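So you can see what is in the structure, the chains are spelled out below.
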Amino acid sequence: MLRTENQLRLTRPERARLARITAIEPGSIRSVADLQAYVRRCKAHYWGHSDDTRFLHWLIEREVQSLTGR
């Protein structure tokens, strides 16, 4: 990920990894807010309380943390 103060740009492998995890293309993510909106969209698409859903939400969060360092 390339990042300046409020802007970021995902590399091709990072975009592919997110798409592989979520089966939803990240689209044009240009800021942290865009990344957060993408995560919300993915979690809303895969909603529920099953173990699989909780694991997927955890996996998405883990990937975003690895990208942002938070």
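Keep in mind it's a predicted model, so treat the numbers as computed, not measured. Within every chain, residues take consecutive numbers counted from 1 along the sequence as written. pLDDT decides what is reported in this predicted model: residues at 70 or higher carry local features, side-chain atom pairs at 80 or more are listed and counted, and totals for whole chains, interfaces and linings draw on all residues regardless. Note that the side-chain values use all heavy atoms of the structure and ignore hydrogens as well as water.

Student: Which parts of the structure should I look at to understand the packing of helix H1 (residues 12–22) against helix H2 (residues 32–45)?
Tutor: When two helices pack together, their arrangement is given by the angle between the helix axes and by the axis-to-axis distance. H2 packs onto H1 with a crossing angle of 20° between their chain directions and a minimal axis gap of 11 Å. Comparing their axes, H2 and H1 come out roughly parallel. Considering only the axes of H1 and H2, their crossing is right-handed. Judged by residue contacts, Leu18, Ala19 and Thr22 of H1 engage Leu35, Tyr38 and Cys42 from H2. By the convention adopted, Pro, Cys, Tyr, Trp, Phe, Met, Ile, Leu, Val and Ala count as nonpolar, Lys, Arg, Asp and Glu as charged, and the other residues, Gly among them, as polar. Here the contact of H1 with H2 is composed, by residue class, of 5 nonpolar, 1 polar and no charged. For every element, the axis is a line fit to its C-alpha atoms; helices are fit only across the contacting stretch, and the angle between N-to-C directions ranges from 0 to 180 degrees. The helix and strand labels rest on DSSP assignments: H or I over at least four residues marks a helix, E over at least two residues marks a strand, and numbering proceeds from the N terminus. Geometric relationships in this document are graded by angle, where less than 35 degrees denotes roughly parallel, more than 145 denotes roughly antiparallel, 65 to 115 denotes roughly perpendicular, and other angles denote oblique. In this scheme the handedness of a crossing depends on how the near helix is turned from the far one: anticlockwise by less than a right angle means left-handed, clockwise means right-handed. In this description, contact between two residues means that some pair of their heavy atoms is separated by no more than 4.5 Å.

Student: Where do I start with the packing of H1 against helix H3 (residues 51–68) in this structure?
Tutor: The interhelical angle for the contact between H1 and H3, taken along N-to-C directions, is 170°, at an axis separation of 10 Å. Judged by the angle between their axes, H1 and H3 are roughly antiparallel. Across the interface between the two elements, Glu14, Arg17, Leu18, Ile21 and Thr22 from H1 touch Leu56, Leu59, Ile60, Glu63 and Leu67 from H3. The class makeup of the residues in the contact of H1 with H3 is 6 nonpolar, 1 polar and 3 charged.

Student: I would appreciate a short explanation of the pattern of salt bridges in the present structure.
Tutor: A side chain of one charge can pair with a side chain of the opposite charge if their charged atoms are brought near each other. One speaks of a salt bridge when a side-chain nitrogen belonging to Lys or Arg is within 4 Å of a carboxyl oxygen belonging to Asp or Glu. Within this structure, the stated rule accounts for 3 salt bridges. Salt-bridge contacts for Glu61 lead to Lys43; the nearest nitrogen and oxygen are separated by 2.5 Å. Taken as a pair, Glu61 in helix H3 and Lys43 in helix H2 lie far apart in primary sequence, 18 residues in all. Residue Glu61 is classed as partly exposed on the basis of its relative accessible area of 31%. Only protein chains enter the accessibility calculation, which uses a 1.4 Å probe; a residue whose area is less than 20% of its type maximum is buried, one above 50% is exposed, and one in between is partly exposed.

Student: Explanation requested: the side chain of Thr22 in the structure shown.
Tutor: Looking at the element boundaries, Thr22 is found in helix H1. Residue classification places Thr22 among the buried residues on the basis of a relative accessible area of 1%. Think of a polar contact as two N or O atoms within 3.5 Å of one another; within protein, one of them needs to be a possible hydrogen donor and the other a possible acceptor, and neighboring residues in sequence only count if both atoms come from side chains. Here the side chain of Thr22 touches Ile24 through a polar contact of 3.1 Å, landing on its backbone oxygen. Contacts of Thr22, omitting those with residues within four sequence positions, involve Tyr38, Cys42, Tyr46 and Ile60.

Student: Just checking my understanding: could you explain the nonpolar core for this structure?
Tutor: Most often, soluble globular proteins keep nonpolar side chains buried together rather than apart. In this structure, Leu10, Leu18, Ile29 and Tyr38 are the most contacted members of the largest nonpolar core, which totals 14 residues. Those elements that place two or more of their residues in this core are H2 and H3. Setting aside anything within four residues of it in sequence, one finds Leu18 in contact with Leu10, Ala23, Ile24, Pro26, Leu35, Tyr38, Glu63 and Leu67. Among buried residues, the Ala, Val, Leu, Ile, Met, Phe, Trp, Tyr and Cys ones that are joined through side-chain atoms within 4.5 Å form a nonpolar core.

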